[in-house]
Amino acid sequence: MRRYLMALALTLAACAPQVTQAPEARPLLEEKAFYPASTGLEWVYVPEGEPISSPPYRMRVEGPAAYEGQEALRFRVFGRGEDRTYFRQVGAFGVRLLGFQEPSARVVFSPPLLEYPPEALLAPGQRWGGSTEVRVELLTPSGREPLAQGTLAYEMEVLEEREVRVPAGTFRIYRIRQTFRDSRSQDIREVWFAPRVGEVRTREGRILVERNFR
């Protein structure tokens, strides 16, 4: 049960590949926020090492929503059979993850997991983290059914600031190590974040190939 909890909490579920059609051409949107979160923004990714012609994953900001009684923004990630919606709060405090939902399951972090700190604190050598209670529920036609619950500890550390080149362009990024632990296991990931652009490399190892905003 603990392994299942960790897999859901860190979004490690394997998905069967399937062809995803390219979106229709649209004009570029304008975005100036340090942590981009305007409705309509979209990022396109492929797994690291794969050709850019591979079936992509997309992340799209779908707008305001409520999650566990709190105001949030919906970030939908889909492609290759995956369809998951993340619920985040973005503000002067940084970026908080309240939880996420799939067609058959729902995950809640209480308190919300702090993915990114205030803008001024994102710098090499900075660390932040904490612990959160993770609740996993199955979604059934009759409602929600409790599946698992446990404590997840996390620590984020900015390893360095440097320039990287990916298919979407050249960006000045922060390399961030993400460490997650429960009572039995530990998972370490790496994210590349570019201010006013977003994640150039995701924790799943997906590389940015396109975005629909300047």
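Residues numbered from 1 in each chain as written. Predicted model: local features only at pLDDT ≥ 70, side-chain atom pairs only at ≥ 80, totals over all residues. Heavy atoms only, no water.

Draft legend 1. Structural detail: the overall build of the protein. Each helix and strand in the protein was counted, giving one helix and twelve strands. The order of α-helices and β-strands along the protein, N terminus first, is α-β-β-β-β-β-β-β-β-β-β-β-β. Restricting the contact set of the protein to residue pairs at least 6 apart, pairs at least 24 apart contribute 49%. Counting only carbon and sulfur atoms, one obtains 49% of the accessible surface of the protein, whose full area is about 10,700 Å². (Helix = DSSP H or I, 4+ residues; strand = E, 2+ residues; numbered from the N terminus. Contact = heavy atoms within 4.5 Å. Areas by Shrake-Rupley, 256 points an atom, 1.4 Å probe, with all protein chains shown as cover.)

Draft legend 2. Spotlight on the packing of aromatic side chains. Taken as a whole and assessed by the stated rule, the structure comprises eight aromatic pairs. Ring plane angle 15° and centroid distance 4.1 Å describe the contact between Tyr-67 and Phe-87, whose orientation is recorded as stacked. Of this pair, Tyr-67 sits in strand β2 (residues 57–67) while Phe-87 sits in strand β4 (residues 82–91), and the two are 20 residues apart along the sequence. Each member of the pair, Tyr-67 as well as Phe-87, is classed as buried. The structure contains a cluster of three or more aromatic residues connected by ring pairs, namely Phe-34, Tyr-35, Tyr-116 and Phe-193. Here the basic side chain of Arg-96 rests over the ring of Phe-93, its NZ or CZ set 3.7 Å away from the ring centre. Over the ring of Tyr-57 we find Arg-206, and its NZ or CZ is 3.5 Å from the ring centre. (Phe/Tyr/Trp six-rings, centres within 6.5 Å; stacked < 30°, edge-to-face > 60°. Buried < 20%, exposed > 50% of the residue type's maximum accessible area, 1.4 Å probe, protein only. Lys NZ or Arg CZ within 6 Å of the ring centre and 35° of its normal.)

Draft legend 3. Representation of unusual backbone geometry in the model. Cis geometry marks the peptide bond from Ser-110 to Pro-111; its omega dihedral reads 0°. Residue position: Pro-111 is located in strand β6 (residues 105–116). With phi around 55°, Arg-80 is a residue other than glycine that occupies positive phi space. Along the chain, the position of Arg-80 falls in the loop between β3 (70–79) and β4. The phi angle at Arg-196 is positive, at roughly 65°, despite the residue not being glycine. With respect to the helices, strands and loops of the structure, Arg-196 is situated in the loop between β10 (186–194) and β11 (198–201).

Draft legend 4. Representation of the pattern of salt bridges. Summed over all chains, the structure comprises 26 salt bridges. Between Glu-48 and Arg-201 there is a salt bridge; the shortest N-O distance is 3.0 Å. Residue Glu-48 is located in the loop between β1 (42–47) and β2, and its partner Arg-201 is located in strand β11; the two are separated by 153 residues in the primary sequence. According to the relative accessible area criterion, Glu-48 is partly exposed, its value standing at 45%. As a salt-bridge pair, Arg-144 and Glu-68 come within 3.2 Å of each other at their nearest N and O atoms. Of this pair, Arg-144 sits in strand β8 (residues 143–166) while Glu-68 sits in the loop between β2 and β3, and the two are 76 residues apart along the sequence. Relative accessible area serves as the criterion here: at 34%, Glu-68 is assigned to the partly exposed category. One salt-bridge network, in which partners are shared between bridges, spans Glu-68, Arg-106, Arg-135, Glu-137 and Arg-144. (Salt bridge = Lys/Arg side-chain N within 4 Å of Asp/Glu carboxyl O.)

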